[in-house]
Amino acid sequence: GCYDVLGNDCCMAILYGRCLEMAKRYNEAFDVYQKANEQTKQAFRPLCQCSYGYLAHAYLKGIGTEINIEKAKELVLEGIEQYQDKTDCSVLALYAYLAIKNEKGFSKEKAIKYLTKKFM
């Protein structure tokens, strides 16, 4: 598998998961997203939190798993809680998406703050 080649590099694993997803190998993509998220959570100070966003994306779209909006929301909020506006743009974009959909616990004002601060 990719972990023999990529080791513990979360971002490289996520890119591999995206390739699997584009190749319609959804179950494998989900497994990679899940393993990358586990690695991120185990790291003392992870350099990147993109695994939160991509795993949440998989739950929102049903990529290799059942659609689970609540689980996706938990992942996005967990990433935001830990890293605020310094989290990965994949998490911030999903936060904004969920805020636009008026999901409980998601604020349009905070979404604007996170996104504008991220790209200024």
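Structure: above.
The notes below deal with the structure included here. Predicted model, so just to flag it, every value in this text is computed and none were measured.

**Focus on the nonpolar core**
Soluble globular proteins tend to bury their nonpolar side chains together. Grouped together as the largest cluster of nonpolar side chains are 32 residues, with contacts concentrated most on Val76, Ile80 and Tyr95. Only α2 (10-22), α3 (26-42), α4 (50-61), α5 (69-83), α6 (89-100) and α7 (108-118) provide two or more residues apiece to this core. Residues within four places of valine 76 in sequence aside, it is in contact with Ala56, Val91, Leu94, Tyr95, Leu98 and Phe106.

**Focus on the packing of aromatic side chains**
Under the defined criterion, the tally for this structure stands at 4 aromatic pairs. Summarising the aromatic geometry, the rings of tyrosine 33 and tyrosine 54 are spaced 5.9 Å apart at their centres and angled 35° between planes, so their arrangement reads as tilted. Of the two residues, tyrosine 33 is situated in helix α3 and tyrosine 54 in helix α4; the sequence distance between them amounts to 21 residues. Exposure remark for tyrosine 33: the relative accessible area of 0% places this residue in the buried category. A centroid spacing of 5.4 Å and a plane angle of 80° characterise the contact between tyrosine 95 and tyrosine 114, whose relative ring orientation is edge-to-face. Within this pair, whereas tyrosine 95 is found in helix α6, its partner tyrosine 114 is found in helix α7, the two being separated by 19 residues in sequence. Judged by its relative accessible area of 2%, tyrosine 95 is buried.

**Describing the pattern of salt bridges**
According to the stated counting rule, one finds 5 salt bridges in the structure shown. When the shortest N-O distance is used, the salt bridge between arginine 25 and glutamate 28 registers 2.7 Å. A relative accessible area of 39% means that arginine 25 is categorised as partly exposed. Look at the salt bridges and you will find they share partners, linking Glu70, Lys73 and Glu103 into a network.

**Some thoughts on unusual backbone geometry**
Despite not being glycine, lysine 24 shows a phi value in the positive range, around 65°. Secondary-structure assignment places lysine 24 in the loop between α2 and α3. Phi is positive for asparagine 102, close to 60°, though the residue is something other than glycine. Within the fold, asparagine 102 resides in the loop between α6 and α7. By relative accessible area, asparagine 102 is classed as exposed at 59%.

About the cut-offs
- Residues numbered from 1 in each chain as written.
- Predicted model: local features only at pLDDT ≥ 70, side-chain atom pairs only at ≥ 80, totals over all residues.
- Heavy atoms only, no water.
- Core = buried A, V, L, I, M, F, W, Y, C linked by side-chain atoms within 4.5 Å.
- Buried < 20%, exposed > 50% of the residue type's maximum accessible area, 1.4 Å probe, protein only.
- Helix = DSSP H or I, 4+ residues; strand = E, 2+ residues; numbered from the N terminus.
- Contact = heavy atoms within 4.5 Å.
- Phe/Tyr/Trp six-rings, centres within 6.5 Å; stacked < 30°, edge-to-face > 60°.
- Salt bridge = Lys/Arg side-chain N within 4 Å of Asp/Glu carboxyl O.

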